[in-house]
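A closer look at the structure
One-letter residues, chain by chain:
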Amino acid sequence: MTTHTDETRLREALHDRLRDERPDPERIIRVATATHARRLRRSRVGGTLVAAACVGAVAVGVPLVADRAGQVPDATEHADALPSATAPLTRAEQEQAIVDLIEEVAPGTPYVISPRRPRFILNHPAVTIISDALSRDQRRAISAGLPEGWGADYMKPNTREPLAHEIPVTVPEGWTCEWYLLDDKASCQAVDGGVASLVIRPAADHGGWLDDSDKGANPSTYVTEVHRGIFISVQTGLGTTDAEIQDLGAGLEWID
Amino acid sequence: MKRNESEEFATFVRETATALHRAALLLTGDHHQAEDLTQATYVRVLAAWRRTAAAESPFAYARTTMLNTFLSQRRLRRSSEAPVADLAVDSPVADGDPDTRVDLLAALSSLPPLDRAVVVLRYWEDRSVADTAVDLGMTEVNVRARARRALQRLRPLLASADLTERTH
């Protein structure tokens with residue numbers, strides 16, 4: 001039987017536990033606005049593609065999309081940026097097509113691609129293109145020329161250096177990880193579909209992570225030892241048990 | 001979207017992001033997933049901004065959006081989750097040993113998604129049983145049953161917490 005005291009205790013415990021949790025509202029605004037704008041663009045481009053199909057167009061590439069959308073008047077120079085859409089592209093081909101597209105639209109411009117798939121936001125693959133040198137028109141041209149179904153976020157480079165410039169650890173057999181070193185993170189998936197995340201953290205935070213149950217001192221998180229100024233926290237995700245997280249963490253091996 | 005609508009949305013996010021993010025953390029039990037869920041919620045809110053802004057309570061609209069997003073995602077992934085009965089047997093919360101500190105978020109994450117949603121609405125948002133039932137599209141009896149089950153599961157943890165006993 002539950003009591004009023006139980007309920008009061010739970011209320012207090014919840015508020016006490018989360019008192020220090022604060023998101024970054026400016027980032028939320030930025031990403032939400034960019035995602036919304038991208039969806040609007042995609043819906044306009046989708047309408048244009050339907051119209052193009054009606055007049056017998058076969059190849060669906062940047063110039064067709066961009067010109068008919070009226071977004072990028074000078075995009076005809078990118079006529080071969082994407083392969084024909086008459087045959088489905090593999091994921092690797094799509095990613096290569098995006099690289100080719102950026103090189104065509106903004107030759108010589110420094111950029112980094114983070115091929116991230118947001119778990120909740122989109123049902124479509126998306127890339128994060130990090131550059132402080134792409135113009136607005138170039139961003140528009142890239143967005144309009146992405147393979148069908150893809151989206152893109154544009155971000156400025158971090159002012160700070162990533163904690164690791166190369167993948168710092170190997171993962172045990174049965175796990176595959178996709179690293180986003182600029183974000184100090186990796187998203188991992190087990191063969192059975194369970195997911196986990198790795199976060200690279202500075203050594204100065206190690207003690208706090210070992211002691212704080214909100215961070216590393218709980219069964220669903222594994223904290224590695226410090227190695228060359230960093231450590232890694234392994235956190236549970238959907239479909240992953242605490243024991244699997246502990247095994248994953250214990251199986252990480254530093255790459256020197 | 002007009003400029004003033006963008007500014008309204010930005011203001012809304014600044015005013016509500018902390019509350020929604022904390023609710024997302026209770027629902028997901030994971031910081032990264034909470035960030036994703038919060039972000040996904042605001043993307044949906046922005047896509048329906050005029051409807052949101054016109055709602056009697058824009059925050060309640062956003063909260064409902066978050067719950068729907070969370071529950072729909074959980075339904076999609078349901079096949080990978082362990083049966084509730086198994087969780088009840090294996091739960092570390094049932095231990096009750098004060099020396100074994102069990103994190104509240106981890107304990108919550110062992111509850112079924114709908115039970116977590118009930119906990120968030122009843123004990124985080126302080127919604128009534130009737131309002132919770134409406135928000136989640138279930139009966140009041142069901143809300144009470146889920147809340148009772150959640151409290152029973154969490155009681156050992158609450159008993160070991162350093163909280164002042166209330167007498168009222």
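Heads up: the structure comes first, above all this text.
Description of the structure in this document. Residues take numbers from 1 onward in each chain, read along the sequence in its written order. The naming scheme follows written order: chains are lettered A onward, ligands numbered 1 onward. Thresholds applied to this predicted model are a pLDDT of at least 70 for local features of residues and 80 or more for the giving and counting of side-chain atom pairs; totals over whole chains, interfaces and linings are not thresholded and use all residues. Each side-chain value is worked out from all heavy atoms of the structure, with water and hydrogens disregarded.

Residues and elements named next belong to chain B. Centre distance within 6.5 Å is the pairing criterion for rings of Phe, Tyr and Trp, where only the six-membered ring of Trp is used; planes under 30 degrees apart are then read as stacked, over 60 as edge-to-face, and the remainder as tilted. Under the counting rule described, the total for this entry stands at four aromatic pairs over all chains. Aromatic pair phenylalanine 9 and tyrosine 42: ring centres 6.3 Å apart, planes at 75 degrees, arrangement edge-to-face. Of the two residues, phenylalanine 9 sits in helix 1 (residues 3-28) while tyrosine 42 sits in helix 2 (residues 31-47), which places them 33 residues apart along the sequence. For the pair shown, phenylalanine 9 and tyrosine 42 are each scored as buried. Centre to centre, the rings of phenylalanine 12 and tryptophan 49 are 5.4 Å apart; their planes meet at 55 degrees, and the pair counts as tilted. In this text, helices come from DSSP runs of H or I with a minimum length of four residues, and strands from runs of E with a minimum of two, each type numbered from the N-terminal end. Only protein chains enter the accessibility calculation, which uses a 1.4 Å probe; a residue whose area is less than 20% of its type maximum is buried, one above 50% is exposed, and one in between is partly exposed.

Residues and elements named next belong to chain A. Two cysteine sulfurs form what is called a disulfide whenever their separation falls within 2.5 Å. For the structure on display, the rule yields one disulfide over all chains. Note on cysteine connectivity: cysteine 177 is disulfide-linked to cysteine 188, with sulfurs 2.0 Å apart. The sign of the 110 degrees torsion about the S-S bond sets the cysteine 177-cysteine 188 disulfide as right-handed. Placement of the pair is cysteine 177 in strand 5 (residues 175-180) and cysteine 188 in strand 6 (residues 185-190), with a sequence separation of eleven residues.

Glancing now at the packing of helix 1 of chain B against helix 2 of chain B. Packed helix pairs are specified by the crossing angle of their axes together with the interaxial distance, meaning the distance between the axes. All names here are of chain B. Fitted lines through C-alpha atoms give the axes, limited to the stretch in contact for helices. The angle between two N-to-C directions lies from 0 to 180 degrees. At a closest axis distance of 8 Å, the pairing of helix 1 and helix 2 adopts a crossing angle of 140 degrees. The angle between helix 1 and helix 2 falls in the class oblique. Here helix 1 and helix 2 pass one another in a crossing that is right-handed. Here Phe9, Phe12, Val13, Thr16, Ala17, Leu20, His21, Ala24, Leu25, Leu27 and Thr28 of helix 1 lie close against helix 2, whose contacting residues are His31, Gln33, Ala34, Glu35, Leu37, Thr38, Thr41, Tyr42, Val45 and Leu46. Each angle gets one of four labels, with under 35 degrees taken as roughly parallel, over 145 as roughly antiparallel, 65 to 115 as roughly perpendicular, and the rest as oblique. Left-handed describes a crossing whose near helix is turned anticlockwise from the far helix through less than a right angle; right-handed describes the clockwise counterpart. The criterion used for residue contact is that any of the two residues' heavy atoms lie within 4.5 Å.

Next up on the list: the interface of chain B and chain A. Facing the 52 residues of chain B at the interface are 48 residues of chain A. Joining two parts hides part of their accessible area as seen by a 1.4 Å probe, and the buried area is that hidden amount summed over both. The contact between chain B and chain A buries some 5,100 Å² in all, and 59% of this surface belongs to carbon and sulfur atoms. It is B:His32, B:Gln39 and B:Tyr123 in chain B that bury the most area against chain A; as a group they hold 13% of the surface buried on that side. We count a salt bridge whenever a side-chain nitrogen from Lys or Arg sits within 4 Å of a carboxyl oxygen from Asp or Glu. The tally of links between chain B and chain A comes to four salt bridges. With a closest N to O distance of 2.6 Å, B:Arg14 and A:Glu26 form a salt bridge.

Once that is clear, we can look at the pairing of strand 7 (residues 195-202) of chain A. Residue and element names in this part refer to chain A. The buried fraction of strand 7 amounts to seven of the eight residues, a majority that puts the element mostly inside the structure. A strand pair is defined by DSSP finding two or more bridges across the two strands. Here strand 6 runs beside strand 7; their pairing, made up of five bridges, is antiparallel. Across the sheet, the residue bridging to glutamine 189 is valine 195, located in strand 7. Direction of pairing for strand 7 relative to strand 9 (residues 230-236): antiparallel, over a ladder of seven bridges. Among the inter-strand pairings, arginine 201 is bridged to a residue of strand 9, identified as phenylalanine 231.

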